Amino acid sequence: MSKLVVANLRVEIQAGARLLKPVDGVSFEIGTNECVALLGESGCGKSLTALALMRLLPDGGRVAAGSVHLADENLFAFTEAQMGEVRGGRLAMIFQEPQSSLNPVMTVAEQIDEALAAHRGLSGLAAAEEAVRLLEAVGLGREKLDAYPFQLSGGQRQRALIAMMLAGDPEVLIADEPTTALDVTVQAKILKLLKELRQQRGMGLLLITHDLDVVSDMADRVAVMYAGQIVEWASRAALYSTPLHPYTQKLFAVLPRLDRRGERLDSLPGRVPGPDSVFIGCRFADRCPAVFERCRVETPAFHEATAGHWSRCHLAEADQTLSSTVRNAHRITQIGADGAPYAVSLSPVLEVRDLAVHFPIRKGLLKRTVGHVKAVDGVSFQVAAGETLALVGESGCGKTTLARAILRLIEPTAGQVSLLGEPLANLRGEALRRKRAEMQIVFQDPFSSLNPRMKVGEILAEGMAALSLLPVSARPARILDLLNQVGLPEDAVGRYPHEFSGGQRQRIAIARALAVEPKLLILDEPTSALDVSVQAQILNLLADLQKKHGLAYLFITHNLSVVSYLAHRVAVMRGGKIVESGMAETLLTRPQTPYTQLLLDSAPGKKALLPVE
Amino acid sequence: MLNYLLRRVLYAIPILLGVNLLTFALFFMVNTPDDMARIHLGAKHVTADAITRWKSEHGYDKPLFFNAEATGVEKATDTLFVEKSLKLFVLDFGAADDGRDIAREIGQRMWPSLAIALPTFIVGLLAYLSFALLLVFFRGTALDTGGVILCVALMSISGLFYVIGGQYLMGKLWHWFPISGYQPGLDAWKFMVMPVLVSLIGGIGDSSRFYRALFIEEIGKDYVRTARAKGLSDLRVLFKHVLGNAMIPILTGVVVVIPRLFMGSLIIESFFGIPGLGSYTIDAIQAQDFAIVRSMVFLGSLLYIIGLVLTDISYTWADPRVRLE
Amino acid sequence: MTIKPVLLWSDALILLLLATVAVLVWLARKNDTFRAPWRQIMRSRMGAVTALILSVYVGIGLLDSLHYVERLPGEPGQAAQYSGEVLSALDALLTPLRVKVEKTYSAPLATHLYAKETITGPDGVEYRDFPPLKYPGTHLFGTDKVGQDVLYLSLKSIRTGLLIGSLTTLIMLPFALTLGIAAGYFGGRIDDAIQYLYTTLNSIPGVLLIAAAVLVVQVQIETHADLFETAAARSDVRLLALCAILGVTGWTGLARLLRAEALKLRELEFVQAARAFGVTDARILLRHLLPNVMHLVLITVVIDFSGLVLAEAVLSYVGVGVDPGMISFGNMINGARLELAREPVVWWQLAAAFVFMFVLVLAANLFADQVRDALDPKSRGRA
């Protein structure tokens with residue numbers, strides 16, 4: 001029997017004069033004790049779908065059509081007061097950002113008690129006892145009752161939030177990207193907790209995520225969303241063995257994995273259409289490798305290709321073989337890519353020896369230094385031309401501080417950084433500026449890494465001007481060459497960053513770094529903020545550029561599948577120190593330290609890391 | 001905490017010293033005591049003798065920073081800067097041009113000021129917050145839109161018109177209250193009601209709109225969504241969650257003015273004839289009595305710094321993340 | 001009649017301001033990130049209407065800033081003699097209003113004077129009655145105590161209000177921009193010093209600081225009365241001094257805002273990327289920080305503008321505003337408020353000042369809201 005049935009849900013948002021339709025006819029169901037995953041890239045409408053179920057749409061948003069039945073009662077027919085009893089009672093929801101989802105000025109106990117009072121009528125001693133029971137159920141001790149959110153870690157906050165939402169003993173729990181903001185080891189624990197709670201309580205779980213690996217660990221059935229619609233609906237087993245919709249197939253094909261090392265990743269051209277698009281025919285047609293005339297004129301129906309396996313694609317309608325030929329066709333494009341082992345030159349481009357960055361802790365009346373935070377504490381490694389060294393670690397391990405210290409954006413406390421054999425420590429003024437041309441950085445966030453008030457041409461020219469590398473007259477040609485190299489149109493020169501998508505902005509950031517012809521690129525989580533299909537494009541671009549220019553990459557990341565796909569060597573960082581380093585294949589398959597083992601074990605869907613037999 | 005307070009006191013000294021140097025520069029260096037004497041004597045009576053006499057009567061017949069004629073330590077202390085400026089630090093305000101002791105005047109006049117300013121502050125804060133909460137509760141409806149338009153219209157009217165209009169309607173036309181004046185004791189309320197009412201109405205547009213903006217900003221935050229997802233009623237979300245978090249920016253603007261309530265309002269006191277520090281100041285400005293103006297500047301700065309410390313202390317109560325050390 | 005143009009200091013500054021704005025607009029005319037928000041403002045009904053009202057006010061203020069003196073009729077061959085009365089283009093346009101002076105108060109559109117007088121009739125008999133006006137039915141807002149047309153006074157007050165708003169901003173901006181951004185970007189000792197400066201300035205009660213400074217200026221003007229050729233020049237200098245004082249004491253709010261924003265911006269990755277190129281601090285401030293705080297500056301400027309117009313009235317009341325001889329809203333209100341005690345009430349002067357001020361400030365406030373919504377999308381719907 002189904003607990004939650006969503007039928008033909010449509011959400012509209014009035015944004016100024018425009019009417020957006022971010023959710024456009026979504027139907028799915030969740031059974032008792034079942035986990036359904038709503039899978040999609042950013043902007044596909046999955047979060048709004050969840051908020052619509054809770055009737056918590058943001059201002060300007062409204063449910064335009066459809067129904068949601070919770071145990072046969074239509075939630076959209078309820079009064080606001082009745083809905084208040086459902087929210088946090090029978091239907092609860094947890095959110096992505098544990099940082100901001102809890103009230104900062106109330107203790108954990110106060111926030112749990114509110115829910116207990118609202119849904120169970122508990123107060124006083126009874127509430128206190130129940131709150132302890134809930135905390136223990138999510139793996140927190142009773143001493144956390146009187147803690148404020150700022151005194152908890154990210155994982156603990158997410159646990160506290162889950163405890164609050166369990167207060168009403170919900171029939172269905174909605175989890176909107178519950179682990180996206182967390183470290184991989186914490187993610188594994190929270191996912192395990194959700195799984196256990198679901199089984200103990202017989203809860204339905206709606207898991208909203210962009211991560212195929214998380215889905216493979218958690219879900220019973222999967223709904224794949226694209227441009228406001230569900231394009232594929234199947235059991236997990238069916239979806240992972242025979243994905244039917246070309247979009248789902250592409251999602252699998254673009255994933256970086258150990259067994260795809262040396263191959264070009266498949267990629268998905270274009271971008272997700274916005275919620276104000278007008279569609280004729282199939283919404284995926286513009287990006288579909290298997291597109292044919294009918295897709296452009298006729299909207300595909302939702303076909304049940306095999307029992308329980310639905311796909312919104314003309315190919316799923318009759319001819320099964322056609323669909324699998326398409327799949328094989330673009331499998332073929334991957335084969336034949338360069339898989340040759342790389343050759344490391346002997347002299348390192350970057351050599352870091354015993355580098356340390358300590359921040360003083362000042363206290364008291366005169367702000368005396370009472371201690372130090374050892375953000376980076378004695379790190380040594382080298383990177384050679386044409387080589388990628390991946391620096392892996394969880395948040396707070398010091399990897400970003402390390403990058404900034406290498407670039408001399410902050411002064412190191414001790415140790416030495418040498419670039420092409422020359423130590424940087426003694427360089428000052430002009431000599432240091434010259435040296436800067438040899439190392440550059442690409443940041444994580446494609447939105448804050450480009451000045452919104454400068455044209456792309458000006459952004460690319462900035463480094464050349466600062467380091468006066470080329471005569472002014474030669475710069476325009478060089479800028480066009482750079483745009484060409486990173487795959488952007490030439491007319492980008494006169495446009496502003498906001499006119500580009502996240503992936504394109506990251507290309508601009510790469511071109512900016514390349515403009516001064518560096519020997520070393522520090523890549524600080526360059527694909528973490530991007531969708532997987534875009535990530536594949538950027539990884540391909542980085543591989544091409546490395547091959548062409550013999551660049552040394554220091555690739556800072558927390559994402560092990562990216563590491564396994566592209567790193568030659570890996571260094572694992574924890575608490576400001578490197579705990580293990582070695583060749584990628586060796587380290588990822590036969591880790592020597594317990595911490596590396598823990599990282600590998602925590603990665604969701606870790607099958608992907610291992611080579612396919 | 002003690003440590004923190006000590007540091008704040010130490011930090012206050014250079015600020016007050018800066019204030020003193022600034023006023024001293026304005027009143028004794030840009031303007032010389034000679035200029036002052038000339039203004040006070042009036043064009044007809046200006047003679048070199050009269051100026052010298054006026055200066056010695058009022059204690060302005062000393063050098064600015066260094067007294068070469070004095071002996072020993074007095075070379076540095078028997079100067080205008082020490083006598084007129086540094087003595088303010090021990091709350092020695094000296095005498096006004098009419099010879100009256102400024103410190104005593106302040107002691108007497110702060111009570112009427114407080115009698116008007118305190119009720120205005122408390123009732124005002126409650127009224128503006130309630131009005132803003134009302135608008136926010138009905139956000140997006142016609143009531144909210146109308147309320148905001150009303151606020152903008154009210155804040156576009158000069159404060160002088162509120163006073164003039166209030167006096168005309170409530171005093172002259174309807175005879176509710178005396179138009180101006182003050183008397184201590186039980187009858188004081190008759191004279192208090194109108195100034196308080198007028199100040200309240202004059203401030204409603206600006207403050208309510210500001211508080212509404214703060215609330216709307218808080219409502220957009222993730223924890224409010226969490227609270228609603230828990231199934232809490234809109235009222236509880238508004239009062240418990242939104243108000244609780246908005247208290248932090250509200251306190252920033254509110255607590256700092258509390259110590260200054262003693263100093264009263266210039267406009268209100270002068271229009272309504274309240275014998276408080278506000279009208280004392282305005283009279284001094286109009287009579288160009290620089291001794292009083294200097295004293296009030298110093299007092300105002302001192303109270304402001306106390307206000308800053310109180311603000312910091314109030315944060316520890318509103319925001320568990322703040323610990324003073 | 002021959003005239004000689006007179007350029008008062010404030011006129012020069014207005015022209016300078018106008019030229020600067022014109023040059024900036026011309027430079028940015030093709031920049032889409034600059035144009036888009038203004039197009040949005042002008043497309044909204046509220047934005048267009050308030051902009052229209054404000055430009056009417058600005059037009060009146062500009063006309064009133066073209067000053068001249070008339071040549072006195074004299075013997076031919078004699079050196080030219082000029083009147084001591086400085087007039088403006090607005091005065092010339094409003095000549096019918098300006099010269100229609102009655103004896104004292106008269107109500108709007110009245111035909112007779114406000115007060116009874118002893119009149120000698122044609123038959124030589126003396127009686128007390130309301131004497132007829134010289135220009136009956138022409139004074140839309142009545143006349144004031146000395147019989148000047150109130151509409152004329154209201155229109156003349158506009159320039160004073162606008163000047164205070166715009167010149168104060170002009171003087172305040174360099175302080176706020178350099179000190180605010182420098183404090184946030186450089187941090188450390190520089191930040192400490194600038195914070196000390198603005199905490200000190202802030203700690204002094206605003207009106208008192210302004211009063212103290214204005215008193216000093218007043219004494220200086222009085223002791224150097226011989227420097228000023230005309231009364232207009234004297235009140236002009238006092239007005240400028242007032243703007244300067246308001247500007248020098250008023251930069252702290254914006255500077256604080258800019259400091260906070262610069263603190264955020266300097267950690268942003270595009271600034272870090274520039275530093276990784278070794279771009280100089282001066283260039284980072286100019287190319288990366290300044291353009292990214294300009295929207296805050298603009299928003300603050302338009303929001304503060306209306307506050308300054310209102311402040312003029314209060315300061316003039318306290319006695320530290322513009323010269324008491326200058327026509328301004330503050331002086332109009334000040335001169336009229338005591339007349340409410342008369343029977344019947346003399347209300348029209350206050351009414352005129354109220355209407356002209358209210359429309360100006362309301363339009364400025366509503367326009368400011370539109371500007372903020374257009375330039376800072378985050379704030380939309382907040383206020």
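Data block above holds the structure.
A brief structural summary. Each residue is numbered by its place in its chain's sequence as written, counting from 1. Following the order in which they are written, the chains are lettered starting with A and the ligands numbered starting with 1. Thresholds applied to this predicted model are a pLDDT of at least 70 for local features of residues and 80 or more for the giving and counting of side-chain atom pairs; totals over whole chains, interfaces and linings are not thresholded and use all residues. Heavy atoms throughout the structure, all of them, feed into the side-chain values; hydrogens and water do not.

Let us now look at the overall build of chain A. In DSSP terms, a helix is any run of H or I states spanning at least four residues, a strand is any run of E spanning at least two, and both are numbered starting from the N terminus. When its secondary structure is counted, chain A shows 21 helices and 22 strands. The size measure is the radius of gyration over C-alpha atoms, and the globule rule it meets is 2.2 Å times the number of residues to the 0.38 power. In summary, chain A has a C-alpha radius of gyration of 26 Å against a globular reference of 25 Å for 613 residues, a match within 12%. Relative accessible area decides the class of each residue, using a 1.4 Å probe on protein chains only: under 20% of the type maximum gives buried, over 50% gives exposed, and in between gives partly exposed. Across the 613 residues that make up chain A, the buried fraction comes to 55%. In what follows, a contact means two residues having at least one pair of non-hydrogen atoms within 4.5 Å. For chain A, the proportion of contacts with a sequence separation of at least 24, taken over those separated by at least 6, is 68%. His is not counted, nor are the chain ends; Lys and Arg add positive charge and Asp and Glu add negative charge. By convention, the charge on Lys lies at NZ, on Arg at CZ, on Asp at CG and on Glu at CD. Counting 66 positive and 66 negative side-chain charges, chain A places the centres of these two groups 5 Å from one another.

Residues and elements named next belong to chain C. Here His139 shows up in the loop between β5 (126-129) and α6 (150-186). Its relative accessible area of 2% is what places His139 among the buried residues. A polar atom in the side chain of His139 sits 2.6 Å from the side chain of Asp149. Not counting the four nearest positions on each side in its chain, His139 is found in contact with Lys100, Glu102, Ser106, Ala107, Pro108, Leu109, Leu133 and Asp149. Residues adjacent in sequence count toward polar contacts only when both atoms are side-chain atoms; beyond that, a polar contact is any pair of N or O atoms within 3.5 Å, and within protein one must be able to donate a hydrogen and the other to accept it.

Attention shifts here to the pattern of salt bridges. Whenever Lys or Arg places a side-chain nitrogen within 4 Å of a carboxyl oxygen from Asp or Glu, that contact is recorded as a salt bridge. What the rule picks out here adds up to 56 salt bridges over all chains. Between A:Glu499 and A:Arg495 there is a salt bridge, with its nearest N and O atoms 3.3 Å apart. Between B:Asp98 and B:Arg100 there is a salt bridge, with its nearest N and O atoms 3.8 Å apart. Taken together, the shared-partner salt bridges connect B:Asp98, B:Arg100, B:Glu105 and B:Arg109 into one network.

Glancing now at the pairing of strand β6 (residues 91-94) of chain A. Residues and elements named next belong to chain A. Every second residue of β6 is oriented toward a common face, with Leu91 and Met93 on one face and Ala92 and Ile94 on the other, all of them buried. As judged from the four bridges shared by β6 and strand β7 (residues 172-176), these two strands associate in the parallel manner. Looking at β7, one finds that Leu91 is bridged to Val172. Whether two strands pair depends on DSSP finding at least two bridges between them.

All right, on to the side chain of A:Thr557 then. Residue and element names in this part refer to chain A. In this structure, Thr557 sits in strand β20 (residues 552-557). Note on Thr557: relative accessible area 3%, which makes it buried. From its side chain, Thr557 meets the backbone nitrogen of Asn559 in a polar contact 2.9 Å long. With residues near it in sequence (within four places) discarded, Thr557 still touches Leu391, Val392, Gly393, Lys399, Glu525 and Val563.

Attention now moves to the packing of aromatic side chains. All names here are of chain C. Any Phe, Tyr or Trp ring, taking Trp's six-membered ring, that has another such ring centre within 6.5 Å forms a pair; planes under 30 degrees apart are called stacked, those over 60 apart edge-to-face, and the others tilted. If you walk through the whole model with that rule in mind, you get 25 aromatic pairs over all chains. Taken together through their ring pairs, the aromatic side chains of Tyr105, Tyr114, Trp347 and Trp348 make up a single cluster. The side chain of Lys4 reaches across the aromatic face of Tyr82, ending 4.6 Å from its centre. Two conditions define a charge sitting above a ring: the NZ of Lys or the CZ of Arg must be within 6 Å of the ring centre, and it must be within 35 degrees of the ring normal.

How big an interface is tends to be stated in terms of the accessible area lost upon association of its parts. Every contact between the two is made by 24 residues of chain B and, on the other side, 29 residues of chain A. Each partner contributes to the roughly 2400 Å² buried at the junction of chain B and chain A, and carbon and sulfur atoms together form 59% of this total. Counting the contacts that link chain B with chain A gives two salt bridges. Notably, a salt bridge pairs A:Glu114 with B:Lys230, separated by 3.0 Å at the nearest N-O pair. In this structure, the connection of chain B to chain A is made through twelve residue pairs in polar contact (both at pLDDT 80 or more). If you list the elements that add at least two residues to the side of chain B that touches chain A, you get α1 (2-30), α10 (222-229) and α11 (234-254) of chain B. The residue inventory of the side of chain B that touches chain A, partitioned by class, reads seven nonpolar, six polar and eleven charged. The term buried area means the drop in 1.4 Å probe accessible area that two parts suffer when joined, counted for both and summed. Three classes are used: nonpolar for Ala, Val, Leu, Ile, Met, Phe, Trp, Tyr, Cys and Pro, charged for Asp, Glu, Lys and Arg, and polar for all others, with Gly counted as polar.

Below, the discussion takes up the interface of chain B and chain C. Across the boundary between the two partners, chain B contributes 49 residues, which contact 49 residues of chain C. Buried surface at the junction of chain B and chain C, both sides included, amounts to about 4200 Å², of which 72% is carbon and sulfur. Broken down residue by residue, the surface that chain B buries against chain C is led by B:Ser156, B:Phe161 and B:Ile285, which jointly contribute 13%. For the interface between chain B and chain C, the tally reads seven residue pairs in polar contact (both at pLDDT 80 or more). Among the secondary structure elements, those contributing two or more residues to the side of chain B that touches chain C are α1, α2 (33-41), α7 (142-155), α8 (159-173), α9 (188-219), α12 (266-272), α13 (277-287) and α14 (290-318) of chain B. A per-element tally of the side of chain B that touches chain C places α1(B) first, with nine residues.

With that settled, the discussion passes to the state of the cysteines. Residues and elements named next belong to chain A. Any pair of cysteine sulfurs within 2.5 Å is marked as a disulfide. With the rule as written, the count across this model stands at zero disulfides over all chains. You can see Cys282 has no disulfide; the closest cysteine sulfur is in Cys295, sitting 5.9 Å from it. The buried category is assigned to Cys282, whose relative accessible area is 16%. Here Cys313 stays unpaired: no disulfide links it, and the sulfur of Cys288, its closest cysteine neighbor, is 6.2 Å away.

The next point concerns unusual backbone geometry. You will see that A:Arg408, though not glycine, has its phi angle at about 60 degrees, which is positive. Position of A:Arg408 among the secondary structure elements: in the loop between α13 (399-406) and β16 (414-419). For B:His175, which is not a glycine, the phi torsion comes out positive at approximately 55 degrees. Looking at where B:His175 falls in the secondary structure, it is placed in the loop between α8 and α9.

Turning next to helix α17 (residues 502-514) of chain A. A rise of 1.5 Å per residue sets the reference length of α17(A), with its 13 residues, at 18 Å; its end C-alpha atoms lie 19 Å apart and thus fit the reference within 8%. Counting buried positions along α17(A) gives twelve out of 13 residues, so the element sits mostly inside the fold. Within α17(A) the residues assigned to the buried category are A:Gly502, A:Gly503, A:Arg505, A:Gln506, A:Arg507, A:Ile508, A:Ala509, A:Ile510, A:Ala511, A:Arg512, A:Ala513 and A:Leu514. Contacts from the buried residues of α17(A) go to β18 (439-442), α15 (456-466), α16 (475-485), β19 (520-524) and α18 (532-549) of chain A together with α11 (269-276) of chain C. By definition here, a helix of n residues has an expected span of 1.5 Å times n minus one.

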